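Tertiary structure, described
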Amino acid sequence: MPTATTPDLLQLLHSTFGFREFRASQQAVCEAATAGRDVLLVMPTGAGKSLCYQLPALARGGTALVISPLIALMDDQAQKLTSLGLQVGRIHSGLDRDSSRQVCRDYLDGKLQFLFIAPERFRVPGFGPMLAKRPPTLIAIDEAHCISQWGHDFRPDYRNLAAHLQALRPAPVIALTATATPQVQRDIVSELALHNPAQFIQGFRRTNLAVEVVEVSKPRRTEMARKLLRDGAARPAIIYAPSRKDAETIATELNQDFPTATYHAGLDSGTRERVQRTFQTGELEVVVATIAFGMGIDKADVRTVLHMAMPASVESFYQEIGRAGRDGKPSRTVLMYSFADRRMHDFFLERDYPPTDTLARIAAALRPDPVHADDLRIALKLDLDVFGPALDKLLAQGAAQIDMGNNVTRTEQTGAAWRRSYDAQVSFRRGQIDAMMRLATGAECRMAALVRHFGDVSDAQRPCGRCDFCSPEQSSAQSFRQPTTDELATMQRILRSLSGGSHSGPFSGKSTGKLHTELFPSGEVDRKELDTLLDTLARAGYLTLESASFTAEGGREIGYRRAVLTHEGNEAADGEPLANLQMRDTEDTEPRGRTRDRSKEASARKKAAADETPLTAEQKALDAALRAWRSTEAKQLGKPAFVVFGDRTLRQIVLDAPSTLQELETISGIGPAKIERWGDSLCQVVAAHV
Ligand code: ADP
Ligand code: ZN
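Keep in mind the model is a prediction, meaning the values are calculated, not measured.

The rules behind each value
- Residues numbered from 1 in each chain as written.
- Chains lettered and ligands numbered in written order.
- Predicted model: local features only at pLDDT ≥ 70, side-chain atom pairs only at ≥ 80, totals over all residues.
- Heavy atoms only, no water.
- Helix = DSSP H or I, 4+ residues; strand = E, 2+ residues; numbered from the N terminus.
- Rg over C-alpha atoms; globule rule 2.2 N^0.38 Å.
- Buried < 20%, exposed > 50% of the residue type's maximum accessible area, 1.4 Å probe, protein only.
- Areas by Shrake-Rupley, 256 points an atom, 1.4 Å probe, with all protein chains shown as cover.
- Domains from an automatic or database assignment.
- Contact = heavy atoms within 4.5 Å.
- Buried area = accessible area lost by both parts, 1.4 Å probe.
- Donors = N, O, S within 2.8 Å, 3.2 Å for Na, K, Ca; no water.
- Tetrahedral: all angles 85-135°; square planar, octahedral: opposite > 155°, others 65-115°.
- Near = heavy atom within 4 Å.
- Nonpolar A, V, L, I, M, F, W, Y, C, P; charged D, E, K, R; others polar.
- Pairing = 2+ DSSP bridges.
- Axes fitted to C-alpha atoms, helices over the stretch in contact; angles between N-to-C directions.
- Salt bridge = Lys/Arg side-chain N within 4 Å of Asp/Glu carboxyl O.
- Disulfide = S-S within 2.5 Å.
- Phe/Tyr/Trp six-rings, centres within 6.5 Å; stacked < 30°, edge-to-face > 60°.
- Lys NZ or Arg CZ within 6 Å of the ring centre and 35° of its normal.

Here the focus is the overall build of the chain. Counting secondary structure elements, the chain contains 28 helices and 21 strands. For 690 residues, the compact-globule formula gives about 26 Å, and the C-alpha radius of gyration of the chain, at 29 Å, lands near that figure. Within the chain, buried positions represent 51% of all 690 residues. Split by element, the accessible area of the chain, about 32,200 Å² in all, is 50% carbon and sulfur.

For the rest of this paragraph, the subject is the domain arrangement of the chain. Domain annotation for the chain reports domain 1 (6-201), domain 2 (209-337 + 442-474), domain 3 (346-432), domain 4 (480-608) and domain 5 (613-689). Of note, the centres of domain 1 and domain 2, computed from C-alpha atoms alone, are 33 Å apart. Listed as interface residues are eight residues of domain 1 and, on the opposing side, seven residues of domain 2. Looking only at domain 1, the three residues that lose the most surface to domain 2 are T181, P182 and I201, adding up to 55% of its buried area.

Below, the discussion takes up the coordination of the zinc ion (ligand 2). Summarising the metal site, the zinc ion (ligand 2) is bound by the protein donors C445 (SG), C464 (SG), C467 (SG) and C470 (SG), whose distances to it range over 2.3 to 2.4 Å. In this structure, the zinc ion (ligand 2) is coordinated by four donor atoms arranged in tetrahedral fashion, with angles at the metal of 103 to 119°. All donors of the zinc ion (ligand 2) come from a single chain, and their spacing in sequence reads C-x18-C-x2-C-x2-C. Highlighted residues: C445 in the loop between α18 (417-441) and α19 (446-453) and C464 in the loop between α19 and β17 (480-481), separated in sequence by 19 residues.

Another point: the site of ligand 1. Ligand 1 sits among F19, E21, F22, R23, Q26, P44, T45, G46, A47, G48, K49 and S50. In isolation ligand 1 offers 570 Å² of accessible surface; the protein chains occlude 69% of this area. Taken together, the residues of the shell around ligand 1 break down into four nonpolar, five polar and three charged.

With that settled, the discussion passes to the side chain of D459. Within the secondary structure layout, D459 lies in the loop between α19 and β17. With sequence-adjacent residues up to four places away left out, D459 is seen in contact with R205 and V451.

Attention shifts here to the sheet that holds strand β13 (residues 331-337). Backbone hydrogen bonds are what pair the strands of a sheet, in a parallel or an antiparallel way. Pairing within the open sheet is parallel, and its six strands lie in the order β8-β13-β12-β9-β11-β10. Of all strands in the sheet, those with a lone pairing partner are β8 (209-215) and β10 (260-263), marking the two edges. Looking at each pair of strands side by side, their axes are set apart by 15° on average, direction ignored. Both strand β12 (residues 304-307) and β13 contribute to a ladder of four bridges, which runs parallel. Its bridge partner lying in β13, V305 is registered against T333. Across the face of the sheet, α18 comes into contact with β8 and β13 while running at roughly 115° to β13.

A few words on the pattern of salt bridges. All chains considered together, the criterion is met by 35 salt bridges. Among the salt bridges present, the one from E215 reaches K528, with a minimum N-O distance of 3.8 Å. Placement of the pair is E215 in strand β8 and K528 in helix α22 (residues 527-539), with a sequence separation of 313 residues. A relative accessible area of 23% means that K528 is categorised as partly exposed.

What the rule picks out here adds up to zero disulfides. Counting only cysteine sulfurs, C52 is the nearest neighbor of C146, a cysteine outside any disulfide, at a range of 19 Å.

Taken in spatial order, the seven strands of this open sheet run β3-β4-β2-β5-β6-β1-β7, and their pairing is parallel. Only two strands of the sheet have a single neighbouring strand rather than two, namely β3 (88-91) and β7 (198-201). Across the sheet, the axes of successive neighbouring strands diverge by a mean angle of 15°, strand direction being ignored. Relative to the sheet, helix α4 (residues 71-83) contacts β3 and β4 (114-117), its axis offset from that of β3 by approximately 165°. Strands in contact with helix α5 (residues 97-108) are β3 and β4; relative to β3, the strand with the most contacts, it is inclined by about 135°.

The subject of this paragraph is the packing of aromatic side chains. What describes a pair of aromatic rings is the distance from one ring centre to the other and the angle between the planes of the rings. This model, assessed by the stated rule, comprises eleven aromatic pairs. Pairwise contacts between aromatic rings join F204, Y318 and F454 into one cluster. Geometry around F279 places K299 over its ring, the cationic atom sitting 5.1 Å from the centre.

Below, the discussion takes up helix α3 (residues 51-60). Of all ten residues making up α3, ten are buried, and the element is well covered by its neighbours. For α3, the full list of buried residues reads L51, C52, Y53, Q54, L55, P56, A57, L58, A59 and R60. Positioned one or two residues after α3, G61 has a phi angle of 75°, which is positive.

So, in structure tokens, the structure goes:
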């Protein structure tokens, strides 16, 4: 085995690739791979991953086998390497048999430096053994996250790779991907059976981006976007909207102030091309897009990226804000969200992933003999909008088969194998929404939180100094002010309560709910105010706010936040004066006392659901408890029960079982006044029954 020294690698970097130096982190990866170690490499798109297998491949000599899931990716890489004067072969379904045969001959003759194949190729009998006749000297697996069912585009053929790779060892295996949470990383290592791999998870920190998150109700978001982009230095800008319709409305509004257009998949290709081109040239200053935008665009000077709603995952969020500041100059991203966004995502999730029980009912009715889908639906007494998506999911799981005439049959999978994988998929999606929500509501440096999400734990220790958490005074979407004397005194009380008189760490912390009931038993300070004070203390470094959860009876995960004192916080609790306190100005954020922000769709669904769904035994108990509680409260007021709240609201509380004030607040019929007065007490009633 050739052992290349770093000067050799540098020499190859100059002579073959024409690059002057390694980018940060490339060198260590190249050294490990060249030395024959298995490698897991996670770096964001554009960071320069390809070089990390190509250079070691050349240094080791022989042929490198590259497995890639997409023909376009393969062709692109192959073309680049060919233009560098290297010998490259490709085998994929887009090529005719003769050229594939020729490539195989070239491979066996040792003429190739790189051979690109799709993972499906191993299904062709004899292909694996052919490769094994002259084993490669390095194996690269591109888009390695496809191997994980937790990854967003799971490819079953990746699963079988490990078995085939076995015969091609001892070549080192380099797994590359731009997107892998720690869970996906573990999956890659175990599914590919990597041997003690050198792991490089790096490059996610974007030092020129100021990431801001602001809680703001939907009706006020367009106005906020206008304000944020008013300054010419904030443009060019990309705005991400949750739907095509929203994109169009926002673009029409903003076009009165700056040249603005929409971009989404519903536009014809001519229009899309024109929008991209005029944005590129600067004629258009703002593009309001749905997620479809960005694939084809490589505009380096985007100064602002705005999100008009919460994306469905941190992965998409990161990718979208990543389009700001490619030129390395300071740029800003602002995410506008509210708890209503979470509900919207939950609604879509429920719509797209019907209950497992519904799938099971259909699966149980399937027979080896074909039955027409409509007959099956009628026999099962299912509505089309329930049956359709459920059958789709069974088909996707391979648990049912359908022919051209819409006749459905059972498969070997119809038994129970699909259930686990379906449930895993649903909880994966839910987990993505949870993670995004945690990021939005988190009380820590935004960039550090992002970097940690992608698994770069060591880099996540360092605050960025630019985001709305690190640097509130520079925030553009929200304003901060000095605390009042009263607020200062309350913050001291909070710190003292957390230190609990103890003068030495470590501090175990308290749930914010407990803190509230202990400190303000009669509600002098409401939960929202307390949250603002805690947030202020966290920004100044006196405490940290951790997301925690417990599993309630019935298996439901209930989330809460825990405040934990830092060393500085403990000193301040002893009487050190507080410094650097920046209070978030609530005027600027969620307006309280207005109509709640919610889409028509979701509220219509909820109304219908509230009236129809039969209650479980647990819900019935909660229903009874809430009614009893309501009549006690009403008696105290000397008013009829509906003054507290009506039956429909009560029903919604039963269905939603809100565990926090924020959740409670999103229920129609519960305004800020009611939250103030009864919020805690209501949450307690709910908690006692869930
Ligand atoms: P990724 O696969 O991580 O998305 P690529 O491998 O496509 O990224 O690299 C992105 C760009 O950076 C390419 O144009 C590549 O030529 C360039 N590049 C990679 N390494 C270097 C380097 N050391 N010096 C200069 N440019 C580089
Ligand atoms: Zn920060």
